[in-house]
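Examination of the molecular architecture
Chain by chain, the residues:
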Amino acid sequence: MNNSYDVIVLGAGPVGENVADYVVRGGGLTAALVEVELLGGECSYYACMPSKALLRPIAVAATTRDLRGVRPTTIDIDAVLARRDYWVSDYDDAGQASWAASAGIEVVRGYGRVVGERRVEVGERTLTARHAVVVATGSRPAIPAGLAGVRPWTNRDVTGVVEVPPRLAIVGGGVVACEAATWMAALGSRVTMLVRHGLLDRVEPFAATLVRESLQQAGVEIRLGASVQSAERDGHHQERLGRPHGGPVRLAVDGETLEVDEVLVATGRVPNIEPLPSGNRPDWLHLVGDVSGEPALTHWGKYRARLLGARLRAEALGRPVADEPDNVPVPQVIFTHPEVATVGATLDQAQADDPDARALDVAMSSAAGAALLVDHPIGSARLVVGSDDRIVGATFAGVEVAELLHAATVAIVGGLTVQQLWHAVPSYPTASEVWLRLLDQAMG
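Our subject in this report is the structure included herewith.

Calculation rules
Residues numbered from 1 in each chain as written. Predicted model: local features only at pLDDT ≥ 70, side-chain atom pairs only at ≥ 80, totals over all residues. Heavy atoms only, no water. Helix = DSSP H or I, 4+ residues; strand = E, 2+ residues; numbered from the N terminus. Buried < 20%, exposed > 50% of the residue type's maximum accessible area, 1.4 Å probe, protein only. Contact = heavy atoms within 4.5 Å. Phe/Tyr/Trp six-rings, centres within 6.5 Å; stacked < 30°, edge-to-face > 60°.

1. Here we look at the environment of Ile75
By secondary structure assignment, the location of Ile75 is in the loop between helix H3 (48–64) and helix H4 (77–87). Residue class for Ile75 comes out partly exposed when judged on its relative accessible area of 21%. Here the alpha-carbon distance between Ile75 and Ala62, two residues 13 residues apart in the chain, equals 9.3 Å. In contact with Ile75, other than residues within four places in its own chain, are Pro57, Ile58, Ala61, Val80, Ala186 and Leu187.

2. Observations regarding the packing of aromatic side chains
Tallied over the entire structure, the rule returns five aromatic pairs. Residues Tyr45 and Tyr46 carry aromatic rings whose centres are separated by 6.3 Å and whose planes lie at 55° to one another, so their mutual orientation is tilted. Residue Tyr45 is classed as buried on the basis of its relative accessible area, which comes to 3%. What makes Tyr46 buried here is its relative accessible area of 13%. For the ring pair Trp300 and Tyr303, a centre distance of 5.3 Å and an interplane angle of 50° mean the geometry is tilted. Here the residue Trp300 and the residue Tyr303 both occupy positions in helix H10 (residues 298–316), the gap between them amounting to three residues, near one helical turn. Classification of Trp300 as buried rests on a relative accessible area of 9%.

3. Some thoughts on the environment of Leu187
With respect to the secondary-structure elements, Leu187 resides in the loop between helix H8 (175–186) and strand S9 (190–195). What makes Leu187 buried here is its relative accessible area of 5%. Along the chain, Leu187 and Val80 lie 107 residues apart, while their C-alpha atoms are 9.1 Å from each other. Beyond its immediate chain neighbours, meaning those up to four positions away, Leu187 contacts Ile75, Ile77, Val80, Leu81, Val161 and Val164.

Right under this line is the structure:
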């Protein structure tokens, strides 16, 4: 049994997989992936993939209810859940294991922790890295102390829902909370959101308002400024994925009692730093993904993992290390109704550094291609432009705006000005023509 590798990666989610893949690409180096749970990680089984598998049929059904020429349809709950099960491979990681083997990456099953210089302990085995150890162990839900005793649902339960609770409370107002409210309401739950501050308070206010109004129209009760003081649950606690963890839950919310059949906690995440040794981090030990404290987004973690894997490979082989650009923007799509797609700075963030930064705003319906998608299009688009006329941020809110986002990301990474972008001609009639409507404002 081999216990020595060039690079050892703790955590075999998308981030860890990318590090290992980029280390071994081209041959000549070895890598081990250490994982105690399913290969593919949180994103593949409990977050990105199952949530989008649940949300897509709901979005399509919503479109049919606002599109003349088709008969309005409803979702088939059993079929939606079966689609989710397909996309999580019925919680079987054989496909991921097969990929790792084909890539030449050895998988070591078990809980790994760093115990010494380039040494990782996994059960009774001690692995040694010749070059580097990478920790990509991700994060876990942050559970407020007042809710921990009732064993609430987390993202794993709500993406893995099997029994739809008639009454569901969601504590939190971020992306996970809003997406989960969207599909749980569509599946039949009476959803109450308990939001301490604002809903989606990190995106442009116009986009957050559209999402809040849409959720309310779908029957979701949203209590802003709400605080949960305590929680009690009836019955025996059970840890069954996607099923209520016991009897009804009574929440003390600002002096009132709210009784629900289940409570979902979506109040942020905590990095899984337990595998790390104490003290200063040596130069052979690297953190990437959620555990690093950077944005907890799969695509961002994978990007950072590709950079790190390529750099470790170059260093191990004595080759030049490629330069990494500064100020790469972080894109994100929120798959609510309407969708929200954002990258770079909001207007407030941009003006904090550049008081002369400005916003260009148009309605999504100003582009014929966007107006053709549904009969009553809602939403707006915003470009944030710096005093040097370069694009520094963008937000789109509307039907199927996710696919508009990458153009904005490219514009920011490329440092393009509004004058340059004005010559990028959008096809007609597509939703991309909203770019022309935005840029016309700047050129006018």
